[in-house]
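# Reading the structure
The chain contents come next:
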Amino acid sequence: QVQLVESGGGLVQPGGSLRLSCAASGSIDSINDMGWYRQAPGKQRELVAAISSGGNINYVDSVKGRYTISRDNAKNTVYLQMIGLKPEDTAVYYCNAEIRTLPHGGTSFYTGRYWGQGTQVTVSS
């Protein structure tokens, strides 16, 4: 019963900024890596940014210098600060995390990948 709830998407003009948030909730024991993916119409889903539990970060080349990923482990939340937005940034952005869940009854810990439902980012004048 783990959920990833995203917020912060919307319509912004070229050169504008947005801050996406993704909060994980439910039967969480710990969270390993967290990241943001995006998918534009007719294109493959791509990894935009990822951050490990230890703070190691990777970005796709097209967003380097413009996007900043961060996380607040106490809040089980990952953020994506986006500045200098371009029309080609338009896509549905998905939060993703590897989460170890708490056991219930006789079950053991389980580690799996979880996805948010996506939030639309549109960059247009």
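Check the entry above for the structure.
Residues numbered from 1 in each chain as written. Predicted model: local features only at pLDDT ≥ 70, side-chain atom pairs only at ≥ 80, totals over all residues. Heavy atoms only, no water.

Within the protein chain, the secondary structure is distributed over zero helices and eleven strands. Reading the protein chain from its N end, one meets helices and strands in the order β-β-β-β-β-β-β-β-β-β-β. The C-alpha radius of gyration computed for the protein chain amounts to 15 Å, which stays within 12% of the reference 14 Å derived for 125 residues, consistent with globular compactness. Seen along its three principal axes, the alpha-carbon backbone of the protein chain occupies a region of about 55 × 25 × 25 Å. Classification of the 125 residues of the protein chain by burial places 38% in the buried group. A fraction of 56% describes how many contacts in the protein chain between residues 6 or more apart in sequence connect residues 24 or more apart. Accessible surface computed for the protein chain: about 6700 Å², of which carbon and sulfur atoms make up 47%. Once the 11 positive and 9 negative side-chain charges of the protein chain are each reduced to a mean point, those two points are 2 Å apart. (Helix = DSSP H or I, 4+ residues; strand = E, 2+ residues; numbered from the N terminus. Rg over C-alpha atoms; globule rule 2.2 N^0.38 Å. Buried < 20%, exposed > 50% of the residue type's maximum accessible area, 1.4 Å probe, protein only. Contact = heavy atoms within 4.5 Å. Areas by Shrake-Rupley, 256 points an atom, 1.4 Å probe, with all protein chains shown as cover. Lys, Arg positive; Asp, Glu negative; His and termini not counted. Charge placed at Lys NZ, Arg CZ, Asp CG, Glu CD.)

Another point: the packing of aromatic side chains. All told, the structure shown has two aromatic pairs when counted by the stated rule. With a centroid separation of 4.9 Å and an interplanar angle of 55 degrees, the aromatic rings of Y37 and W115 are classed as tilted. Here the residue Y37 occupies a position in strand 4 (residues 28-39), and W115 occupies one in strand 10 (residues 110-115), the gap between them amounting to 78 residues. Classification of Y37 as partly exposed rests on a relative accessible area of 22%. Overall, W115 belongs to the partly exposed group, its relative accessible area being 41%. Look at Y94 and W115: their rings are 6.5 Å apart centre to centre, the planes differ by 80 degrees, and that puts the pair in the edge-to-face class. With a gap of 21 residues between them, Y94 in strand 9 (residues 91-101) and W115 in strand 10 connect regions that are remote in the sequence. Through a chain of ring-to-ring contacts, three or more aromatic side chains come together here, namely Y37, Y94 and W115. Note that R45 overlies the ring of Y94, its terminal NZ or CZ placed 3.9 Å from the centroid. (Phe/Tyr/Trp six-rings, centres within 6.5 Å; stacked < 30°, edge-to-face > 60°. Lys NZ or Arg CZ within 6 Å of the ring centre and 35° of its normal.)

Let us now look at the sheet that holds strand 7 (residues 67-72). One open sheet holds the four strands; their spatial order is 1-3-8-7, and the pairing between them is antiparallel. Edge positions in the sheet fall to strand 1 (3-7) and strand 7, since each has one partner strand and no second. On average, each strand axis in the sheet is inclined to that of its neighbour by 15 degrees, with strand direction left out of account. (Pairing = 2+ DSSP bridges. Axes fitted to C-alpha atoms, helices over the stretch in contact; angles between N-to-C directions.)

Moving on, we get to the pairing of strand 9. Most of strand 9 sits inside the fold, with eight of its eleven residues counted as buried. As paired elements, strand 4 and strand 9 share nine bridges and run antiparallel to each other. Within strand 9, the position partnered with Y37 by the bridge is Y94. In terms of strand pairing, strand 9 meets strand 11 (residues 119-123) through three bridges, oriented antiparallel. Bridge pairing in strand 11 places V92 opposite Q120. In the sheet, strand 9 pairs with strand 10 via six bridges, with the strands oriented antiparallel. Bridge pairing in strand 10 links I99 to G112.

In this section: the pairing of strand 4. Looking at chain direction, strand 4 and strand 5 (residues 46-51) are connected through five bridges and run antiparallel. Residue pairing in the sheet places Y37 in a bridge with L47 of strand 5. Connecting the antiparallel pair strand 4 and strand 5 is a turn made up of six residues, with G42 showing a positive phi of about 75 degrees.

Counting 30 residues, the largest nonpolar core has W36, L80, M82, Y93 and I99 as its most contacted members. No other element matches the five residues that strand 9 contributes to this core. (Core = buried A, V, L, I, M, F, W, Y, C linked by side-chain atoms within 4.5 Å.)

Treat this as a map of the structure, not an account of what it does.
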